[in-house]
Each structure stands twice: as structure tokens, then as C-alpha cells.
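Coordinate analysis (summary)
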Amino acid sequence: CNSIVFDAKREDGTIGYSSSLATIDTFGAISNVGSDTEGSIKQLISNDIMPVARICCYKDNVLPAQDNSYAVLKNQKLYKDSDGNSYLNPNSPQAYNYILDIIRELKGYGVQVFILYGYDLPDDVAEKYDDGFESLSKKLLNDLDSQVKLLSEVKVSVSGMDAESGKITNSAIDSQIKEFEKINDNQVYRVSTKLDTARVCSHLASAGVSRYFVAQ
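Presented here is a report on the structure given in the accompanying data block. (Residues numbered from 1 in each chain as written. Predicted model: local features only at pLDDT ≥ 70, side-chain atom pairs only at ≥ 80, totals over all residues. Heavy atoms only, no water.)

In terms of helices and strands, the protein carries eight helices and eight strands. For the protein, the C-alpha radius of gyration of 19 Å lies close to 17 Å, the compact-globule estimate for 216 residues. In terms of its C-alpha atoms, the protein occupies a principal-axis envelope of roughly 55 × 45 × 30 Å. Within the protein, the fraction of its 216 residues that count as buried is 45%. Of the contacts made within the protein by residues no fewer than 6 positions apart, 67% connect residues no fewer than 24 positions apart. In the structure as shown, the protein presents an accessible area of about 11700 Å², 43% of it carried by carbon and sulfur atoms. Looking at the protein, you have 22 positive and 30 negative side-chain charges, and the mean spots of the two groups are 2 Å apart. (Helix = DSSP H or I, 4+ residues; strand = E, 2+ residues; numbered from the N terminus. Rg over C-alpha atoms; globule rule 2.2 N^0.38 Å. Buried < 20%, exposed > 50% of the residue type's maximum accessible area, 1.4 Å probe, protein only. Contact = heavy atoms within 4.5 Å. Areas by Shrake-Rupley, 256 points an atom, 1.4 Å probe, with all protein chains shown as cover. Lys, Arg positive; Asp, Glu negative; His and termini not counted. Charge placed at Lys NZ, Arg CZ, Asp CG, Glu CD.)

Okay, here's the thing in C-alpha cells:
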């Protein structure tokens, strides 16, 4: 392990670190955080462990419900998907600056690598909005003078279950890893598994997979 990934902005819109941003305070977005985020990050860095912040970009059930200027609307009403989730508006300067401010604040704490996900809107509203990783990351890197690394999350899973025997086998683990879609330099695997993490990491290393994190 050479890095620790933490959820800075979660899928429900809550913030997972101790923040002093006025917007976060105004909308009451902070939930279940430690008391000294900056100190913890500095301690990780001093021990040669890289802190990586994970940010769900547009799915957000906090800000859109309180201020329409941040929200994706449909028929002039707050848009919600089939699961009842609302979204930040990719075309909104306020929403963009909100994401930018989170990254800037954490960069000030010492974080240099950010994993972005949730940057695509649902298909029934996406056509009207400038969403997607490429568009968002380009704007962020421009405003941040390319002083951070932004990675797109690619979800994969390893069950290790052999289809014929129904048992967990090393060969099944290897086979599933070989089926991972190829990623580029701006992507990282998010590996979901119920197996022992050390076992999965060993197989990933043997397959030459080096850019990943294991979801907990």
C-alpha cells in the first residue's frame, strides 16, 4: 500500500472531510468527518503514504434541493432520477466553482491526486448539459494550472468464483483480472471484492496492474 483513498464528496452530496468552505457550511453538507483532516493528511505524507481524494462530481442530494442555481432542472422543477437522486448542473458556474473550491482546499492540505466519478448525468437529461470527465477535468486543470492529477474512476470487480465449480479459485481471479477493460494514464481501477485484500493485490501485481484502489 502506497496510498490511501478517502471520500471527499460522497454520492449523496455530503462532504467527508473537515472543511472551512463557506458554501459547505451554509448548506450543512459536512457529515461524519474526523476532527483534523489537514493534520491527518500531513501525517500520511510524512510517512510516504499518498493521500488521494475521491469526488462524486454531479450526483448530489444536498445543494440542489436547497438552491436551484446549483441544480439540474427538468420542466423548471428539480430533476430526480429513478432512484430519487438530484444532480449539480454541469453548466452552472456556482456548481463548477463548488467542485473547484473543494479541490483547491484539499490541495492546500497537501492532496495532489483526485479521483473523479459521477461526472455523467443520466441519459434522459444529459443532452442539454456539458457533462463528462473530459469537459470537467479540462476546466479544472486550466484553473488549477495543472498542479494536480485528476483521474477518472473505472469500476471493476473480482469475485474469484469459478463458473463451473462454484468455488473461489486462483485461476478464476486471474481470469477476471485479464478481462478488465484497458485504461489510459488518466484512469484508475476501483476494485470491488469480498475476497481477502492481500490475496487480490497479489494477483493484480502478478498481472501487472499497478494503478488501482480496493473499495472498502
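Our focus in this paragraph is the pattern of salt bridges. Under the definition given, this model contains seven salt bridges. Its salt-bridge partner being K59, residue E11 comes within 3.5 Å of it at the nearest N-O pair. One end of the pair, E11, is in the loop between β1 (3–9) and α1 (22–26); the other, K59, is in the loop between β2 (50–56) and α3 (63–66), and 48 residues separate them in sequence. You can call E11 partly exposed: its relative accessible area is 34%. Between E38 and K42 there is a salt bridge, with its nearest N and O atoms 3.3 Å apart. In this pair, E38 and K42 both sit in helix α2 (residues 37–46), four residues apart, roughly one turn of the helix. One network of salt bridges, with partners in common, ties together D7, R54, E153 and R190. (Salt bridge = Lys/Arg side-chain N within 4 Å of Asp/Glu carboxyl O.)

What follows is about the packing of α2 against helix α4 (residues 93–109). As a packed pair, α2 and α4 sit with axes 9 Å apart at the nearest point and diverge in direction by 55 degrees. It follows that α2 is oblique to α4 by the angle criterion. Here α2 contributes T37, E38, I41 and K42 to the contact with α4, which in turn contributes L106, G108 and Y109. Of the residues contributing to the contact of α2 with α4, the split by class is three nonpolar, two polar and two charged. (Axes fitted to C-alpha atoms, helices over the stretch in contact; angles between N-to-C directions. Parallel < 35°, antiparallel > 145°, perpendicular 65-115°, else oblique. Nonpolar A, V, L, I, M, F, W, Y, C, P; charged D, E, K, R; others polar.)

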